[in-house]
Amino acid sequence: MSKTIVKYFCKNCGHQASKWLGKCPSCEAWNSFTEEVVQKSSGAAKIWSKQNGVATQAIKIQEIIEGQEQRFSLPDNELNRVLGGGLVAGSITLIGGEPGIGKSTLLLQLALQMNKKVLYISGEESESQIKMRAERIGIKNSNCYVLCETSLSNLLKHLEKDIPEVLIVDSVQTLSTETIDSPPGSISQIKECTGELLRFAKTTNVPVFLIGHINKDGNIAGPKVLEHMVDTVLQFEGDRHYNYRILRTLKNRFGSASEIGIYEMKGSGLREIENPSEILISEREDYLSGISISCAVEGIRPILLETQALVSTAVYGTPQRTSNGFDLRRLSMLLAVLEKRCGFQLGIKDVFINIAGGMKLEDPGLDLGIVASILSSYQNIAIDKNIAFAGEIGLSGEVRAVSRIEQRISEAEKLGFKEMMISKYNKGIERNNAGIKLIKIGKVEEAFEWLFG
Ligand code: TYD
Ligand code: MG
């Protein structure tokens, strides 16, 4: 008779202990241990374990042939971009995101678009629900197979008989193995199932996509070690009130980890958005105060977007600062700089900031545009709509250089802007026949002078 074994796992790093500990000896996190019932039968066959105990050989680094990493291009350009230029054979990619954001839609759509044999494993929906979704997406593909399964061993048995070219698992939290007693979605189950799929991917060279749930803190549910195990971690995010969805790389062993892909959720699936600037700048006829256009960079991609500010007299004692899409602490810093360096009495005003389109960006190059919007609303004077901004603001009011300025300028030029305000410290900008005039400034005061002086 098998004995029930209780183990304790660290939620943070997956460290295993036989008794509860207040502090994890491995990652030093406090209060991170959870209890789980583990019952691992010793004879559990690891189908995809190393070839029947044949000793593996170490080889000299010079002898490894370069370019063996095979990549293939997916029919989805945004996904290609975030994966660092295509899907790598034998790689394992984890896609996390809030419920209902469109993870299943994204991967089912990919499965339907691909001209490879794809196996879509679902533990969340029935075949008919998946069929309904496929009908909605409206692409027919005779090479896309669906299997509703939550048992890992059944899945592995199926894979043994019939190997697909791409495997999609929706979601890793619903899979479970009988060798462990704890319920699906628990730390030990997730760890074990991912480990098994990892071995499958590495031995067969089949790329695997895993969908992962996220918990209330916005992290992928399960142990942190899950993110260490996989090759690539992507996050699918977006605002419920907007249709834009952003696929962000959090980790990528085969490319840059600062890429984004942008989609629009439509009635018939997700549409790739190649030129995000066009949708993020609203069409406006008349001049309105408090609006400016910033040129931000997300990953390596320049995006022009509208920043809006509203400055009004505070009705209550404590002025409000509300920001949508822009870091609130950074906003407080910018307001303090404006107060101290330019003498604006912003301390008695309510300030509201909004980045149009529900985008959330962390690029410090947005500072100048935000400041321009605030000043425009404060003065109640509109900013010319043919001017774009890019510059970081330092604590003493200096306008600092930003990264990828060339790309930002080209993007603004491409979209027909006539002028662009940047930092004079951005050196080496070669633009002779530019159709865009550069206004180079060193301090925020100069921006104010130039715009409203
Ligand atoms: P879903 O892919 O089920 O999300 P997740 O797997 O991340 O939980 O996305 C479901 C949402 O997307 C749902 O609110 C309906 C919407 N949707 C569309 O707007 N258009 C479509 O073509 C599809 C398939 C879904
Ligand atoms: Mg889903």
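Residues numbered from 1 in each chain as written. Chains lettered and ligands numbered in written order. Predicted model: local features only at pLDDT ≥ 70, side-chain atom pairs only at ≥ 80, totals over all residues. Heavy atoms only, no water.

S.K.: How should I be thinking about the site of ligand 1 in this particular structure?
M.R.: With respect to spatial proximity, 15 residues lie near ligand 1, and among them Gly100, Ser104, Thr105, Lys266 and Gly269 are the closest. Taking glycine 102, its main chain carries an N or O atom lying 3.0 Å from an oxygen atom of ligand 1. Within the backbone of lysine 266, a nitrogen or oxygen atom sits 2.6 Å from a nitrogen atom of ligand 1. Contact with the protein chains hides 75% of the accessible area of ligand 1, taken as 560 Å² for the molecule alone. Elements supplying a minimum of two residues to the shell around ligand 1: helix H2 (103–113), helix H3 (127–137) and strand S13 (260–266). Tallied by class, the residues present in the shell around ligand 1 amount to 3 nonpolar, 7 polar and 5 charged. (Near = heavy atom within 4 Å. Polar contact = N/O pair within 3.5 Å; in protein donor to acceptor, adjacent residues only side chain to side chain. Areas by Shrake-Rupley, 256 points an atom, 1.4 Å probe, with all protein chains shown as cover. Helix = DSSP H or I, 4+ residues; strand = E, 2+ residues; numbered from the N terminus. Nonpolar A, V, L, I, M, F, W, Y, C, P; charged D, E, K, R; others polar.)

S.K.: Please clarify how a positive patch on the surface should be interpreted in this entry.
M.R.: A surface patch of positive charge is lined by Lys424, Lys427, Lys440 and Lys443. Summarising the element assignment, lysine 427 is placed in the loop between strand S22 (419–423) and strand S23 (437–441). Since its relative accessible area comes to 64%, lysine 427 is described here as exposed. (Patch = residues over 30% accessible without salt bridge, like charges linked within 9 Å, V, L, I, M, F, W, Y side chains within 5 Å. Salt bridge = Lys/Arg side-chain N within 4 Å of Asp/Glu carboxyl O. Lys, Arg positive; Asp, Glu negative; His and termini not counted. Charge placed at Lys NZ, Arg CZ, Asp CG, Glu CD. Buried < 20%, exposed > 50% of the residue type's maximum accessible area, 1.4 Å probe, protein only.)

S.K.: Please clarify how the nonpolar core should be interpreted in this entry.
M.R.: The nonpolar side chains of soluble globular proteins are, as a tendency, buried together. Within the largest apolar cluster, 45 residues are counted, with the highest numbers of intra-cluster contacts made by Met359, Ile370, Ile374 and Met421. Composition of this core by domain shows at least three residues from each of domain 2 (72–274) and domain 3 (279–452). If near-sequence neighbours (up to four positions away) are discounted, isoleucine 370 is found in contact with Ser294, Thr307, Phe326, Leu331, Leu334, Ile353 and Ile355. The next biggest cluster of nonpolar side chains, apart from the first, holds 31 residues, and it includes Leu87, Leu110, Leu112 and Val118. (Core = buried A, V, L, I, M, F, W, Y, C linked by side-chain atoms within 4.5 Å. Domains from an automatic or database assignment. Contact = heavy atoms within 4.5 Å.)

S.K.: Mind showing me how you'd approach the sheet that holds strand S14 (residues 269–272) here?
M.R.: In a beta sheet, neighbouring strands pair by backbone hydrogen bonds and run either parallel or antiparallel. Across the sheet, which stays open at both edges, the 9 strands sit in the order S8-S7-S9-S10-S6-S11-S12-S13-S14 with mixed pairing between neighbours. Pairing within the sheet leaves two strands with one partner each, and these edge strands are strand S8 (144–148) and S14. Neighbour-to-neighbour, the strand axes of this sheet turn through a mean angle of 25 degrees, independent of strand direction. Against the sheet, H2 engages strand S6 (92–97), strand S7 (118–122), S8, strand S9 (166–170), strand S10 (208–213), strand S11 (232–238), strand S12 (244–252), S13 and S14, with an angle of about 165 degrees to S10. Strand contacts of helix H4 (residues 152–161): S7, S8 and S9, with the helix running at about 170 degrees to S7, the strand carrying the most contacts. (Pairing = 2+ DSSP bridges. Axes fitted to C-alpha atoms, helices over the stretch in contact; angles between N-to-C directions.)

S.K.: What am I meant to see in the domain arrangement of the chain here?
M.R.: Accessible area lost during the coming together of the parts is what is often quoted as the interface size. Segmenting the chain into domains produces domain 1 (1–40), domain 2 (72–274) and domain 3 (279–452). Each of domain 1 and domain 3 was reduced to a C-alpha centroid, and the two centroids are 49 Å apart.

S.K.: Got a minute to help me understand unusual backbone geometry in this structure?
M.R.: If a residue is not glycine, its phi is most likely negative; likewise, a peptide bond is most likely trans. The amide bond that connects aspartate 170 to the next residue, serine 171, takes the cis arrangement and shows omega of 0 degrees. By the secondary structure assignment, serine 171 is in the loop between S9 and helix H5 (187–204). With a phi angle near 65 degrees, glutamate 28 is a residue other than glycine that sits in the positive phi range. Tracing the backbone shows glutamate 28 in the loop between strand S2 (16–17) and strand S3 (33–38). Among the residues examined, glutamate 28 registers a relative accessible area of 52% and is labelled exposed. With a phi close to 60 degrees, asparagine 380 is a non-glycine residue in the positive phi region. Of note, asparagine 380 is situated in the loop between helix H9 (367–379) and strand S19 (387–389). With a relative accessible area of 61%, asparagine 380 lands in the exposed category.

S.K.: Any chance you could explain the pairing of S13 here in plain terms?
M.R.: The side chains of a regular strand alternate, first on one face of the sheet and then on the other. Counting buried positions along S13 yields 6 of 7 residues, so the element is predominantly enclosed. Bridge count for S12 against S13 is 5 bridges, and the pairing is antiparallel. Within the sheet, the bridge partner assigned to leucine 247 lies in S13 and is glycine 261. The hairpin turn running from S13 into S14, its antiparallel successor, is 2 residues long.

S.K.: How should I be thinking about the sheet that holds S23 in this particular structure?
M.R.: Taken in spatial order, the 7 strands of this open sheet run S17-S18-S16-S15-S19-S22-S23, and their pairing is mixed. Unpaired on one side and paired on the other, strand S17 (321–324) and S23 mark the two borders of the sheet. In this sheet, adjacent strand axes meet at a mean angle of 25 degrees when their direction is disregarded. Across 5 bridges, S22 lies against S23 in parallel orientation.

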